[in-house]
Amino acid sequence: MYKILELNPQLVPFAGDIDLRMFLYRATKGRILAEGQTLNEFANAHNYYGFHRVEGGWVYREWAPSAYQLYLEGEFNNWNQTSHPLHRTGDGNWEIFLEGEDALWEGCKVKTVVDANMTRTEHLPLYARRVVQEQHDNSFVCEIVDPARKFEWTDADFKTDKCLYIYEAHVGMAQEEGKVGSYREFADNTLPHVKEAGYNTIQLMAIMEHPYYGSFGYQVSNFFAASSWFGKPEDLKYLVNKAHEMGIQVLLDVVHSHAVKNTAEGINMFDGTVWQFFHDGAKGDHPAWGTKCFDYGKTGVIHFLLSNLKFWMTEYHFDGFRFDGVTSMLYHDHGLGTDFNSNDKYFSYNTHTEAITYLQLANELIREVNPKAITIAEDMSGMPGMALPIEDGGIGFDYRLGMGLPDMWIKAVKGQDQFWDINKMWGDMCLRRPGEGTVAYVESHDQALVGDQTMIFRLAGANMYTDMEKRTHNPVIDRAIALHKMIRLFTMAGGGESYLNFMGNEFGHPEWIDFPREGNGWSFHYCRRQWSLKNNGLLKYEWLNDFDKDMLSVTKESKIFSQRMANLQLMKAPEQMLCFARTDLFFVFNFHYANSLEHVLIPVYPDTKSLTVVMSSDDEKYGGFGNVAHQTYEVKEFDGVRYVELYIPARTAIILKEVKETPKKTRKPRAKKVTTEGEETAKKTTRKRTTKKAAEGEEAEKPARKSRAKKAETAEGEEAPKKTPRKRTTKKAAEAVEAPVEE
């Protein structure tokens, strides 16, 4: 039986579906791999196809099984469509050799001409490394990237950390100036802020080439090309290398769930057919996104996509991936309108088993390339086993995104916080599949897009435009700032095993994201990050930024994510107050809008000596009122229960650090002296005589001891003092405050 069934006994009725999942995984590997071949050896399409320098010139190869004829055109032949035909080499492959080392060059513009279905069309090479848009007609062309130009990497000793504090970022909108930012500007200007803020991971969006800037990078056209919107390939390498120098790992937001339907600049209809990469008919069209859906059952598609993952890891040194649109991949109806409220929704004819197999292969390949790599699945359905190892019946990701948490908070802040159900909120925080990692977050880029609002803007509204100066007091802003801090701490400390924040939201970036488009006059006003807001010492954004920074620092130091689930210490739902513990930190929250709580008894562990206040959302440095004293609370005991007694102001969160009792030292047994055989015999004899004498002397003294004891007991009519029942009291206390078992 696979471990997934041990962790989820409710799935036992679906054991056959798990068996089918694993059978298809093994069968597909057996089909696509040669005997003795690994996925790492299989996923090398990028090293064969595309443009490569060879002895005496260049070679260009393509995979176009249904094409009648292929040609190469470009600046090298004055855009002659038919002067350079490719020839078939078998299995749908095409090839051309261009003689001379200077036959092609860095930046040389080219296209592929395809004859198919009695029609001639122009396309971009499938394995293009760089694609640019022509200014004179807005068309896209491929630019040659010379493999002889090597980037000097300095990150050989970089190591990843799977306790993730993720900074989700978009390179183009990361600058304050209203423009498309560059890779190098991000590296030089934005990375220092990420480092200072305490995040150890950046998750980069929109890196894979996309023709429409406003798509946020989720309509990919060229899978092996780093987006030219932000610079050249070496500029992206500079960014990744600099991040590694700062100790920051870099994840790619990879889009393998669909592709742009464009034919001239995308991979659609490259060989004259839809089914080269995608399903034919309605199954190949995404009804909500207007994009094309991959056929994950085809060996050629698996080869293309797996090679794409390896390419980004080896060519650009990405440390892992956040897989976009996984829910759309898992189900034939793409999960649209489905309420996943029962387990049979995960195992039915609607389940896209070929996509699940592909995701298993992808995770296995990624670990073969880099055993320390990180993978995250964007799945809102809660598919069982998504973040379990493949050998346990899982799909192999390290984490799934906790996509229910932002929805919970949006629903909550639409109402008044005096009606919040803290007990239910805690339940939502703990709604995680056993054994599977979750990335908790309050808001990502999804919640910041036009038509939606950031959390701070939902809380403060238009008051942000007038009352964010520190000298200005507005109860709406006071409430917004207090809840913004509490919500983020509550989510990070209680909602998962890693944490994510979208760029700028850590300091309460106002308004929303809106890319330049015809509807807004092609304005960049809402497509940038106003870093000056947090750096201006006169504005309240500084308070939010400092709180977020210290929150990360304290929890990182205590390695809270090393404990999978927090231990609930106290829940007082009517008072909207709770406390939970994780590693050596106790997190205390009072969400009530008005009632400060006195003499709150917080249960602690049997070996807790004291709790010390580390930080509070009410600290003056974070814009609070300073009503929480930074002091140490010694543990008290009453009726066998150990606790500390706290005062908790309204709308306040407190972090306390535990100090444990010092264990009593035990005397080590004396080491036995090694002796010779003769010495040992003599020693034994001596011990026996001594023992006999001691026994005789002891027998003689016994009556005297009893007599003295009896005399002492009855002297002056007093009774001997009773023994203090310490053992019984200790046992009772231990039973009353037994530390919860970590799940």
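Preceding this paragraph is the structure being described.
Nothing here was measured: the structure is a model prediction, and the numbers come from that model.

Scoring rules and cut-offs
- Residues numbered from 1 in each chain as written.
- Predicted model: local features only at pLDDT ≥ 70, side-chain atom pairs only at ≥ 80, totals over all residues.
- Heavy atoms only, no water.
- Helix = DSSP H or I, 4+ residues; strand = E, 2+ residues; numbered from the N terminus.
- Buried < 20%, exposed > 50% of the residue type's maximum accessible area, 1.4 Å probe, protein only.
- Contact = heavy atoms within 4.5 Å.
- Salt bridge = Lys/Arg side-chain N within 4 Å of Asp/Glu carboxyl O.
- Pairing = 2+ DSSP bridges.
- Axes fitted to C-alpha atoms, helices over the stretch in contact; angles between N-to-C directions.
- Core = buried A, V, L, I, M, F, W, Y, C linked by side-chain atoms within 4.5 Å.
- Parallel < 35°, antiparallel > 145°, perpendicular 65-115°, else oblique.
- Left-handed = near helix turned anticlockwise from the far one by under 90°.
- Nonpolar A, V, L, I, M, F, W, Y, C, P; charged D, E, K, R; others polar.
- Phe/Tyr/Trp six-rings, centres within 6.5 Å; stacked < 30°, edge-to-face > 60°.
- Lys NZ or Arg CZ within 6 Å of the ring centre and 35° of its normal.
- Polar contact = N/O pair within 3.5 Å; in protein donor to acceptor, adjacent residues only side chain to side chain.

A.B. asks: Help me understand the overall build of the chain in this model?
C.D. replies: Helices and strands together make up the secondary structure of the chain, namely 17 helices and 28 strands. Scored against the burial criterion, the 743 residues of the chain give a buried share of 54%. For the chain, the proportion of contacts with a sequence separation of at least 24, taken over those separated by at least 6, is 72%.

A.B. asks: Help me understand the pattern of salt bridges in this model?
C.D. replies: Two side chains that carry opposite charge are able to pair once their charged atoms sit near each other. Following the criterion strictly, the structure yields 38 salt bridges and no others. When the shortest N-O distance is used, the salt bridge between arginine 651 and aspartate 417 registers 2.9 Å. Here aspartate 417 lies in the loop between helix H10 (404–413) and helix H11 (422–429) and arginine 651 lies in the loop between strand E27 (641–648) and strand E28 (652–660), a separation of 234 residues in the sequence. For the residue pair arginine 651 and aspartate 417, the accessibility class agrees, reading buried in each case. Its salt-bridge partner being lysine 470, residue glutamate 542 comes within 2.4 Å of it at the nearest N-O pair.

A.B. asks: Would you explain the sheet that holds strand E25 (residues 632–634) in this entry?
C.D. replies: The strands making up a sheet are joined through hydrogen bonds of the backbone, oriented either antiparallel or parallel. With respect to topology, 6 strands assemble into an open sheet ordered E20-E21-E22-E28-E24-E25, the strand pairing being antiparallel. Taken across any chain shown, the strands that pair with only one partner, and hence form the sheet edges, are strand E20 (567–572) and E25. In this sheet, neighbouring strand axes are inclined to one another by 20° on average, regardless of whether the strands run parallel or antiparallel. Bridge count between strand E24 (residues 608–616) and E28: 7 bridges; the pairing is antiparallel. By the bridge assignment, serine 616 is partnered in E28 with isoleucine 654. Running at roughly 165° to E20, H11 makes contact with E20 and strand E21 (577–582) of the sheet. Those strands touched by helix H13 (residues 475–494) are E21, strand E22 (585–590) and E28, and its axis lies near 40° from that of E21.

A.B. asks: Just checking my understanding: could you explain the nonpolar core for this structure?
C.D. replies: Within soluble globular proteins, side chains that are nonpolar tend to cluster in buried spots. One finds Ile202, Leu306, Trp312 and Trp409 to be the most contacted residues of the largest nonpolar core, which totals 183 residues. Core analysis: the second largest hydrophobic core is formed by 21 residues, Leu570, Val600, Leu646 and Leu656 among them.

A.B. asks: Would you take a moment to explain the pairing of strand E6 (residues 109–116) for this structure?
C.D. replies: Within a regular beta strand, the side chains point alternately toward one face of the sheet and then the other, so they alternate between its two faces. Burial runs high along E6: 8 of the 8 residues are buried. Neither face of E6 is open: one carries Lys109, Lys111, Val113 and Asp115, the other Val110, Thr112, Val114 and Ala116, and all of them are buried. With 6 bridges connecting them, strand E3 (residues 69–74) and E6 associate as antiparallel partners. What sits directly across from tyrosine 71, in E6, is valine 113. Bridging between E6 and strand E9 (residues 140–143) involves 2 bridges; their strand directions are antiparallel. Paired with lysine 109 across the two strands is glutamate 143, which belongs to E9. In this sheet, strand E7 (residues 119–123) lies alongside E6 in antiparallel orientation, the contact comprising 5 bridges. Its bridge partner being in E7, alanine 116 is matched across the sheet by threonine 119.

A.B. asks: Mind showing me how you'd approach the packing of H13 against helix H15 (residues 541–557) here?
C.D. replies: For the pair H13 and H15, interaxial distance at closest approach is 11 Å and the crossing angle is 20°. Our classification of the angle between H13 and H15 gives roughly parallel. The handedness of the crossing between H13 and H15 is right-handed. Together, Ile481, His484, Lys485, Arg488, Leu489 and Met492 of H13 and Trp543, Leu544, Phe547, Asp548, Met551, Leu552 and Thr555 of H15 make up the contact between the two elements. Here the residues of the contact of H13 with H15 sort into 8 nonpolar, 2 polar and 3 charged.

A.B. asks: Sorry if this is basic, but what is going on with the packing of aromatic side chains here?
C.D. replies: Centre-to-centre distance and the angle between the planes together describe a pair of aromatic rings. For the structure shown, the criterion picks out 49 aromatic pairs. Ring plane angle 70° and centroid distance 4.9 Å describe the contact between phenylalanine 151 and tryptophan 153, whose orientation is recorded as edge-to-face. Given the relative accessible area of 23%, tryptophan 153 is considered partly exposed. Of note, arginine 184 hangs over the ring of tyrosine 238, and the distance from its end group to the ring centre comes to 4.2 Å. Sitting above the plane of the tyrosine 316 ring, lysine 237 keeps its charged end 5.5 Å from the centroid.

A.B. asks: I would appreciate a short explanation of the sheet that holds strand E14 (residues 249–254) in the present structure.
C.D. replies: One closed barrel accounts for 8 strands, arranged E10-E11-E14-E15-E16-E17-E18-E19; its pairing is parallel. Within this sheet the neighbouring strands show an average axis-to-axis angle of 30°, counted without direction. Relative to strand E11 (residues 201–205), strand E10 (residues 165–170) is paired through 5 bridges, and the arrangement is parallel. Along E11, the bridge assignment pairs glutamate 168 with glutamine 203. Each of E10, strand E18 (437–441) and strand E19 (498–502) is contacted by H13, which is oriented at about 145° to E19, the strand it contacts most.

A.B. asks: What is the right way to read the side chain of glutamate 436 from this model?
C.D. replies: If you trace the backbone, glutamate 436 turns up in the loop between H11 and E18. Side-chain polar atoms of glutamate 436 contact the backbone nitrogen of methionine 386, separated by 3.3 Å. Sequence-distant contacts of glutamate 436, that is, excluding residues within four places in its chain, are made with Pro384, Gly385, Met386, Ala387, Leu388, Arg400, Glu497 and Arg564.

A.B. asks: Could you clarify how one ought to interpret the environment of methionine 313 in this entry?
C.D. replies: Tracing the sequence through the fold places methionine 313 in helix H7 (residues 299–315). The class for methionine 313 is buried, based on a relative accessible area of 8%. Along the chain, methionine 313 and valine 369 lie 56 residues apart, while their C-alpha atoms are 7.8 Å from each other. In this structure methionine 313 touches Phe318, Phe321, Ile366, Val369, Asn370 and Ala373, once residues within four positions along its chain are discounted.

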